[in-house]
Amino acid sequence: MIPENAGPAAVIVLAAGAGTRMKSRTPKILHEIGGLSMVGHALRAARSINPQRLAIVVRHERDLVESHVAALDPQAVIVDQDDIPGTGRAVEAALEALHADQDLAGTVVVTYGDVPLLSGGLLTELVATHEREGNAVTVLTAVLDDATGYGRILRGEDGSVTGIREHKDASEAERLIREVNSGIYAFDASVLRDALAKVTNDNAQGEKYLTDVLGLAREAGGRVAAVVTADRWQVEGANDRVQLAALGAELNRRTVEAWMRAGVTVVDPSTTWIDSTVTLDEDVRLLPNTQLHGATTVARDAVVGPDTTLTDVEVGEGATVIRTHGSGSVIGPRAAVGPFTYLRPGTVLGEKGKIGAFYETKNVTIGRGSKLSHLGYAGDAEIGEDTNIGCGNITANYDGEKKHRTVIGSGVRTGSNTVFVAPVTVGDGAYSGAGAVIRKDVPAGALALSVAAQRNAEGWVPAHRPGTRSAELAEAATKNSSSTPASTEEGK
């Protein structure tokens, strides 16, 4: 049963090309911008118009592409293009697959897996125009300052599209036309199916061209029209890494601008990168050289940056994150992180907690109000509330073969350079002395010490390092000390 809010009958995404100009072992459509693969962006746009069916046509690195698509959109129908080349054959194969188990009638949209900035809004406009005007075919076009290399749109006196002329076949007059074919279409399903049955690959390239459908549709009495977009970026594809970078920069510019209009302060948009998968609240403040990736979320009044990269990190309300590299972590409300901090996956910092300068954490839960202020490592650990971990503390969690956990209670105070040799537990309210090596559990409220008597070997430096600056200074200091007269009551 078709849902009431269903959109077109189908969207077909063409993604069979090899993308040789990428010069990569990775299929072209799997290259990423803005936190998603290009085909991920294409699928997102396609799904946004609520098609009854969604198909993607694949060929190059088929298994790799299929597994990627299945992870992004399990309901998408994977269609294999056969040995007959051309966009017309690719669409025909998709129609055969979709029509095999369900009669396909209505509007069919054809788009591409390498056009990542295409929006659902523009596809909605294309479909609405196509259905409102009762067109057989509606083509999405753009007007370019330099149309070199693109197929030109030919129009009749009534404004309808009479044909598409490829650049190499265009006359001098036709090459002056700036309106070009995007290759994105809305078709009437029956018109498309009937026309493709008549399209041959009897041409120099030996391909079945989708563009041939337009002429056949007109010959059959159908109207071919166009929707013109002023936003050329939405129909730009990426064939090499230069174009990919340009599209990535433009997508980021749009993403950053959209968040600023939604109430986020971005101090330096030119050095701020935000994936399209990131979520930000109002009154977030992003400082220069900040990159937010993956499923990162930042809550209201939080400040992130400068010089910070977060991937899949949850930042709580009012938190501050300064000069930090983090992934797979949670930073609680009003907590503070940085500067020069490395948050590895599994780090959970509680409300009003602190992870300070030159600290690395991994798979550790830190309770409310606890502080790990500087120069340390906490891994595979659980730390309670209102605990203060001293400078230079580490959890020695790896014995060379296995990882072990350290559990530190609430209200604990540890001295500088304490080492916790896991597995070990420290009770609530316990203390440790400076330089302690904690090898056994510490009861609640206990003071843990590991103190060795200090021994001074006097005269060692002059005897063992003669002629050095240290020896000279030591000898001078000893001489001065021995020549100073002892104090007496009369001399006071």
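Up top is the structure these notes are about.
Residues numbered from 1 in each chain as written. Predicted model: local features only at pLDDT ≥ 70, side-chain atom pairs only at ≥ 80, totals over all residues. Heavy atoms only, no water.

Caption draft 1: Fine view of the overall build of the protein. The helix and strand inventory of the protein stands at ten helices and 37 strands. Taking 2.2 N^0.38 as the reference for a compact globule, 492 residues should give roughly 23 Å; the C-alpha atoms of the protein span a radius of gyration of 34 Å, well beyond that estimate. Taking all 492 residues of the protein together, 45% fall into the buried category. For the protein, the accessible area works out to roughly 24,200 Å², and carbon and sulfur atoms hold 50% of it. Separation between the mean location of the 48 positive side-chain charges and that of the 62 negative ones in the protein comes to 6 Å. (Helix = DSSP H or I, 4+ residues; strand = E, 2+ residues; numbered from the N terminus. Rg over C-alpha atoms; globule rule 2.2 N^0.38 Å. Buried < 20%, exposed > 50% of the residue type's maximum accessible area, 1.4 Å probe, protein only. Areas by Shrake-Rupley, 256 points an atom, 1.4 Å probe, with all protein chains shown as cover. Lys, Arg positive; Asp, Glu negative; His and termini not counted. Charge placed at Lys NZ, Arg CZ, Asp CG, Glu CD.)

Caption draft 2: Molecular detail of the packing of aromatic side chains. One pass over the structure, following the stated rule, counts two aromatic pairs. Between Y185 and F187 the ring centres are 5.2 Å apart and the planes differ by 35°, which places this aromatic pair in the tilted class. As far as the burial class goes, Y185 and F187 line up, both buried. Ring plane angle 15° and centroid distance 5.1 Å describe the contact between F340 and F358, whose orientation is recorded as stacked. Of this pair, F340 sits in the loop between β24 (336–337) and β25 (341–343) while F358 sits in strand β27 (residues 354–366), and the two are 18 residues apart along the sequence. Here F358 falls in the exposed class, since its relative accessible area comes to 52%. The ring of W233 carries R232 above its face, with NZ or CZ at 4.3 Å from the centroid. Stacked on the ring of Y398, the Lys or Arg K403 has its end atom at 5.7 Å from the ring centre. (Phe/Tyr/Trp six-rings, centres within 6.5 Å; stacked < 30°, edge-to-face > 60°. Lys NZ or Arg CZ within 6 Å of the ring centre and 35° of its normal.)

Caption draft 3: Expanded view of the side chain of K208. In this fold, K208 is placed in the loop between α6 (189–198) and α7 (212–219). Residue K208 is classed as buried on the basis of its relative accessible area, which comes to 10%. At 2.8 Å, the side chain of K208 and the side chain of E92 are in polar contact. With near-sequence residues (within four places) excluded, K208 lies in contact with P85, G86, T87, G88, R89, E92, L196, V199, T200 and N201. (Polar contact = N/O pair within 3.5 Å; in protein donor to acceptor, adjacent residues only side chain to side chain. Contact = heavy atoms within 4.5 Å.)

Caption draft 4: Geometry of the nonpolar core. If you look at the biggest cluster of nonpolar residues, it comprises 69 residues, and the most contacted ones within it are I12, V91, V137, L192, L210 and V213. Contact partners of I12, with chain neighbours within four places excluded, come to A55, V57, V91, A94, L95, L98, V108, V109, V110 and T111. W259, L292, V315 and A430 belong to the second largest nonpolar core, which has 42 residues in total. (Core = buried A, V, L, I, M, F, W, Y, C linked by side-chain atoms within 4.5 Å.)

Caption draft 5: Representation of the pairing of strand β16 (residues 290–293) within the structure. Because side chains alternate across β16, one face comprises the buried residues T290 and L292, and the other comprises Q291 and H293, none of which is buried. Pairing between β16 and strand β19 (residues 308–311): four bridges, direction parallel. Within β19, the position partnered with H293 by the bridge is T311. (Pairing = 2+ DSSP bridges.)

Caption draft 6: The arrangement of the pattern of salt bridges in detail. Tallied over the full model, the rule gives 28 salt bridges. Residue R254 is joined to D231 by a salt bridge in which the shortest nitrogen-to-oxygen separation is 2.7 Å. With R254 in helix α8 (residues 241–261) and D231 in the loop between β11 (224–229) and α8, this pair connects stretches of sequence that are 23 residues apart. Within this structure, D231, E250, R253, R254, E257 and R261 form a network of salt bridges that share partners. (Salt bridge = Lys/Arg side-chain N within 4 Å of Asp/Glu carboxyl O.)

Caption draft 7: Looking closely at the layout of surface pockets. In this structure, the largest pocket occupies an estimated 1,500 Å³ of space. Along its surface, the largest pocket is lined by 41 residues, and R21, T87, Y112, D114 and N239 are the ones closest to its centre. Elements with a contribution of two residues or more to the lining of the largest pocket: β1 (10–15), α3 (87–100) and β10 (179–188). Considering each element in turn, the lining of the largest pocket owes the most residues, five residues, to β10. Its residues placed into classes, the lining of the largest pocket shows 16 nonpolar, 18 polar and seven charged. The calculated volume of the second largest pocket comes to roughly 370 Å³. I164, E166, Y209, T211 and D212 are the residues nearest the centre of the second largest pocket, which is lined by 17 residues in total. For the lining of the second largest pocket, the secondary structure elements donating two or more residues are β9 (161–165) and α7. For the lining of the second largest pocket, the element with the highest residue contribution is β9, accounting for five residues. (1 Å grid on protein atoms, 1.4 Å probe; cavity = no way out; pocket = protein on both sides within 12 Å on 5 of 7 lines; lining within 4 Å. Points joined across faces, edges and corners; volume = space filled by probe spheres on them. Nonpolar A, V, L, I, M, F, W, Y, C, P; charged D, E, K, R; others polar.)

Caption draft 8: Broad picture of unusual backbone geometry. Looking along the chain, the bond that leaves G338 and enters P339 is cis, with omega of 5°. Inspection of the secondary structure puts P339 in the loop between β24 and β25. Cis geometry marks the peptide bond from A422 to P423; its omega dihedral reads 0°. Secondary-structure assignment places P423 in the loop between β33 (419–421) and β34 (424–426). Unlike most non-glycine residues, D307 shows phi in positive territory, near 55°.

Caption draft 9: View of the environment of K371. Tracing the backbone through its elements, the reader meets K371 in strand β28 (residues 371–383). We classify K371 as partly exposed; its relative accessible area is 34%. Sequence separation of K371 and D386 is 15 residues, and the distance between their C-alpha atoms is 7.4 Å.

Caption draft 10: A look at a nonpolar patch on the surface. Together, Y431, L447, L449 and V451 line one region of the surface with nonpolar side chains, adding up to about 460 Å² of accessible area. Locating L447 in the fold gives a position in strand β37 (residues 447–448). (Patch = residues over 30% accessible without salt bridge, like charges linked within 9 Å, V, L, I, M, F, W, Y side chains within 5 Å.)

Caption draft 11: Layout of empty space enclosed by the protein. Counted according to the given criterion, the structure contains two cavities of 30 Å³ or more. What the largest cavity holds in volume is close to 40 Å³. Elements that contribute at least two residues to the lining of the largest cavity include exactly β28 and β30 (394–396). With three residues, the top contributor of residues to the lining of the largest cavity is β28. Grouping the constituent residues of the lining of the largest cavity by class yields eight nonpolar, two polar and no charged. The calculated volume of the second largest cavity comes to roughly 30 Å³. Lining the second largest cavity, in full, are A42, A45, A46, T111, Y112, V115, L118 and L123. Of all elements in the fold, only α1 (38–47) and β6 (107–112) reach the threshold of two or more residues within the lining of the second largest cavity. No other element matches α1, which puts three residues into the lining of the second largest cavity. Each residue belonging to the lining of the second largest cavity can be placed in one class, and the counts come to seven nonpolar, one polar and no charged.

Treat this as a map of the structure, not an account of what it does.
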